[in-house]
Amino acid sequence: MCIRYRTSAPAGPRPIASLGYPCALLYRQFFFHQPPTVIHLYHAISGLSLAAFNFGTQLYHSALCVLVQFLMMRLMGRTITTVLSSFIFQMAYLLSGYYYTATEEYDIKWTMPQCVLALKLIGLSFDYYDGGQEPLNEEQKRSALANVPSLLEVIGFSYFYGGFLVGPQFTLRSYQRLVKGELTDCPGQPPNSVIPAMKRFSLGLLCLVIYAIFSPHYPDSYYLTDEYDAQPFWYRCVFILLWAKVILYKYVSCWVIAEGVCILSGLGYNGLGQNGEHQWDACANMKVWTFETTPLFTGTIASFNINTNAWVARHVFKRLKFLGNKLLSQVTALAFLAIWHGTHSGYLLCFSMEFIIVNVERQAQALVRDSPLLTRLANSPLYPLIYLVQQFIHWLFMGYPLVPFCLFTYDKWLRVYSSIYFCGHIFFFTLYLVIPYLRKVLVPRKERSEKKED
């Protein structure tokens, strides 16, 4: 589908993440065998140089947050006070940055890497705290810190060129293993990761090309034109579907290219797989094949921005276990994600819709699983047709919450939602109300009774 309306494309991803490749090559060639202090210094200088290149003197924002975080750990020790102080300070600083730099456009400014850094530093405080606690689960044991890190170590970790600008998230323990030369498939030597890194770079470049070609045809600004309002209802919906597919390549390309930097340096090494092959997905932020083929909303969410979602699950969702309510923990985690993205109302609406969509989809999956009729239908020769219909619904309503996410302010997203009659809200709230009645009709009474007992 193509439109006649044209405008300049929104500010898209600049190839800033690719600047980490020369840094990773230099590290492999000249610094891999150097003492930890030299490696920390190299990572600190190279990362600060990239920050200065992209944001000039505004890098003082990140430097201040790194220094404050180090001082809190040194002065407050392994206490809940340290964790809470870190959380409050880093989030308050980030939200203040959003407030004072906010515009109604997608901008590349110092708050972009700052949101990545805020999670990294908050996670650091959790890992430092966990190092003095017992008992720990296996996940906490892998990331807990036995000793307080040095200032140089924290700077090298914070500004590491593979994750400072656009992510991914990784722990200080992983960074320490990198510095010690442990993250390699060839002990004592730089990892054989050039080819895996170039594969991710090539895939990221392909996604960037796709975005560059198609994004001018699907600009955000088209939603706010009289021409869009004049289009038929079906056209407006299909535009949302195609726009969503295109706009997400902006993020996919950046994350996949940044992942290649981590692989090239060794940080992406993830040990041996089940078949004995070396894995390079420790820093994977995208499962591109799953992202492109899954017909499920949960599948897309699980394949998109993986490390950030894992961070929130580890440090927000699971830490709220004491509430004794999984649903409340989920709501809180999504609310945190909305606030972390920014202060615009569109973020809150996006993640509230995600909560509704995910829970309705889980109810629908349970209905199909428990209903013999629907199970036979799902496994019948008609499945390819069902898959196509499912994909259409999937991407139409993946784009639906992305509209406020990308348009930011309520006056803009309200205009678009009004033009499509709030069809996403109506569709999912209707399903939420109807599915319990469908269970009574389609699920045998015995199955319903066993489900209640479970």
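Definitions and cut-offs
The numbering scheme is per chain: residues are counted from 1 as the chain's sequence reads. The predicted origin of the model limits local features to residues at a pLDDT of at least 70 and limits the giving and counting of side-chain atom pairs to 80 or more, whereas totals for whole chains, interfaces and linings rest on all residues. The basis for the side-chain values is all heavy atoms of the structure; hydrogens and waters are excluded. Only DSSP runs of H or I reaching four residues or more are called helices, and only runs of E reaching two or more are called strands; each is numbered from the N terminus. The reference for a compact globule is 2.2 Å times residues^0.38; the radius of gyration itself is calculated from the C-alpha atoms. Buried means the residue's accessible area, taken with a 1.4 Å probe over protein chains only, is under 20% of the maximum for its type, while exposed means over 50%, and partly exposed covers the values in between. All accessible areas in this document rest on Shrake-Rupley with a 1.4 Å probe, and a residue is counted as covered only by the protein chains that are shown. Under this rule, positive means Lys or Arg and negative means Asp or Glu; His and the chain ends count for nothing. Where a charge lies is defined by one atom per residue type, namely NZ (Lys), CZ (Arg), CG (Asp) and CD (Glu). By this rule, a helix spans an expected 1.5 Å times one less than how many residues it contains. Only Phe, Tyr and Trp rings take part, Trp by its six-membered ring, and two of them pair if their centres are within 6.5 Å. Stacked means planes under 30 degrees apart, edge-to-face means over 60, and tilted covers everything else. Two conditions define a charge located above a ring, namely a distance within 6 Å from the ring centre to NZ of Lys or CZ of Arg, and an angle within 35 degrees of the ring normal. In plain words, nonpolar cores are sets of buried Ala, Val, Leu, Ile, Met, Phe, Trp, Tyr and Cys residues tied together by side-chain atoms within 4.5 Å. Here, two residues are considered to be in contact whenever any of their heavy atoms come within 4.5 Å of each other. Within this document, salt bridges are pairs made up of a side-chain nitrogen of Lys or Arg and a carboxyl oxygen of Asp or Glu, the two lying within 4 Å of each other. Only C-alpha atoms enter the line fits that serve as axes; for helices the fit covers just the stretch in contact. Angles between N-to-C directions range over 0 to 180 degrees. Any angle between 65 and 115 degrees counts as roughly perpendicular, while under 35 counts as roughly parallel, over 145 as roughly antiparallel, and the rest as oblique. Gly is placed with the polar residues, together with every amino acid not listed as nonpolar (Ala, Val, Leu, Ile, Met, Phe, Trp, Tyr, Cys and Pro) or charged (Asp, Glu, Lys and Arg). Here a crossing is called left-handed whenever its near helix is offset anticlockwise from the far helix by less than a right angle, and right-handed whenever the offset is clockwise. Every patch collects residues that have over 30% relative accessible area and no salt bridge, joining them within 9 Å if they carry like charges and within 5 Å if they are nonpolar side chains (Val, Leu, Ile, Met, Phe, Trp, Tyr).

Per an unreviewed UniProt entry, the protein goes by the name Lysophospholipid acyltransferase 5 and belongs to Oncorhynchus kisutch.

Per the secondary structure count, the protein includes 22 helices and 0 strands. For 454 residues, the compact-globule formula gives about 22 Å, and the C-alpha radius of gyration of the protein, at 23 Å, lands near that figure. Overall size of the protein, expressed as C-alpha extent along the three principal axes, is 65 × 55 × 45 Å. By the burial criterion, 51% of the 454 residues in the protein qualify as buried. On the protein, roughly 21500 Å² of surface is accessible, and the fraction owed to carbon and sulfur atoms is 65%. Positive and negative charge centroids in the protein, built from 36 and 27 side chains respectively, lie 3 Å apart.

Now for helix α11 (residues 233-247). An ideal rise of 1.5 Å per residue puts 21 Å on 15 residues; α11 measures up with 21 Å between its terminal C-alpha atoms. Listed in full, the buried residues belonging to α11 are Tyr235, Arg236, Cys237, Phe239, Ile240, Leu241, Trp243, Ala244, Lys245, Val246 and Ile247.

For the coordinates displayed, the defined rule picks out 42 aromatic pairs. Both rings, one in phenylalanine 291 and one in phenylalanine 304, keep their centres 5.9 Å apart while their planes meet at 25°; by these two values the pair is stacked. Taken together, the positions of phenylalanine 291 in helix α13 (residues 288-293) and phenylalanine 304 in the loop between α14 (297-303) and α15 (306-317) put the pair 13 residues apart, joining distant regions of the chain. Per residue, the accessibility class of phenylalanine 291 equals that of phenylalanine 304, and both read buried. The structure contains a cluster of three or more aromatic residues connected by ring pairs, namely Phe297, Phe397, Tyr400, Trp413, Tyr417, Phe422, Phe427 and Phe428. If you follow lysine 120 out to its NZ or CZ, it ends over the ring of phenylalanine 157, 5.4 Å from the centre.

This part is about the nonpolar core. A general tendency of soluble globular proteins is for nonpolar side chains to be buried together. Core analysis: the largest hydrophobic core is formed by 76 residues, its most contacted members being Tyr223, Trp243, Val252 and Val403. The element that contributes the greatest number of residues to this core is helix α19 (residues 383-407), accounting for 10 residues. Ignoring sequence-local partners within four residues, the contact set of tyrosine 223 consists of Tyr228, Asp229, Phe239, Ile240, Trp243, Val403, Leu407, Arg415 and Val416. With 48 residues, the next largest nonpolar core counts Tyr42, Val66, Leu121 and Tyr269 among its residues.

A word on the pattern of salt bridges. Per the counting criterion, the structure on display carries 10 salt bridges. Residue aspartate 229 pairs with arginine 415 through a salt bridge whose shortest N-O separation is 2.9 Å. Here arginine 415 lies in helix α20 (residues 410-419) and aspartate 229 lies in helix α10 (residues 226-230), a separation of 186 residues in the sequence. Residue classification places aspartate 229 among the partly exposed residues on the basis of a relative accessible area of 31%. The closest approach of N and O atoms between aspartate 370 and arginine 439, which form a salt bridge, is 2.9 Å. With a gap of 69 residues between them, aspartate 370 in helix α17 (residues 345-370) and arginine 439 in helix α21 (residues 423-442) connect regions that are remote in the sequence. Three or more residues are tied together by salt bridges with common partners; here these are Asp226, Asp229 and Arg415.

At a minimum axis distance of 9 Å, the contact between helix α1 (residues 20-31) and helix α12 (residues 249-265) shows a crossing angle of 5°. The angle between α1 and α12 falls in the class roughly parallel. Only Ile257, Gly260, Val261, Leu264 and Ser265 of α12 make contact with α1, whose side of the interface consists of Gly20, Tyr21, Ala24, Leu25, Tyr27 and Arg28. Of the residues in the contact of α1 with α12, the class split is 7 nonpolar, 3 polar and 1 charged.

Bringing the packing of α15 against helix α16 (residues 326-341) into the picture now. Between α15 and α16, whose axes approach to 10 Å, the crossing angle comes to 125°. Put simply, α15 runs oblique to α16. Crossing of α15 against α16: the hand is right-handed. Facing Thr308, Asn309, Trp311, Val312, Val316 and Phe317 of α15, the residues of α16 in contact are Lys326, Ser329, Gln330, Ala333, Phe336, Leu337 and Trp340. When the residues that make up the contact of α15 with α16 are grouped by side-chain class, the tally is 8 nonpolar, 4 polar and 1 charged.

On to the environment of glutamate 292. Within the fold, glutamate 292 resides in helix α13. C-alpha of glutamate 292 to C-alpha of glutamine 231: the two residues are 61 residues apart in sequence and 28 Å apart in space. Setting aside residues up to four positions removed in sequence, glutamate 292 forms contacts with Lys245, Tyr249 and Gln391.

Our focus in this paragraph is unusual backbone geometry. Cis rather than trans, the peptide bond between glutamate 134 and proline 135 has omega equal to -10°. Phi is positive for phenylalanine 408, which is not a glycine, with a value near 75°. Tracing the backbone shows phenylalanine 408 in the loop between α19 and α20. Classification of phenylalanine 408 as buried rests on a relative accessible area of 6%. The backbone phi angle of phenylalanine 422 is positive, close to 50°, even though this residue is not glycine. Position of phenylalanine 422 relative to the elements: it lies in the loop between α20 and α21.

To continue, consider the environment of leucine 248. Its place among the elements puts leucine 248 in the loop between α11 and α12. Taking the C-alpha atoms as reference points, leucine 248 and leucine 402, separated by 154 residues in sequence, lie 9.3 Å from one another. In this structure, leucine 248 is in contact with Phe291, Phe304, Trp395 and Leu402, ignoring residues within four places of it in sequence.

Turning our attention to a nonpolar patch on the surface. Residues Leu67, Leu71, Leu75, Met76 and Leu151 make up a contiguous nonpolar surface patch of roughly 440 Å² in combined accessible area. Along the chain, methionine 76 turns up in helix α3 (residues 60-76).

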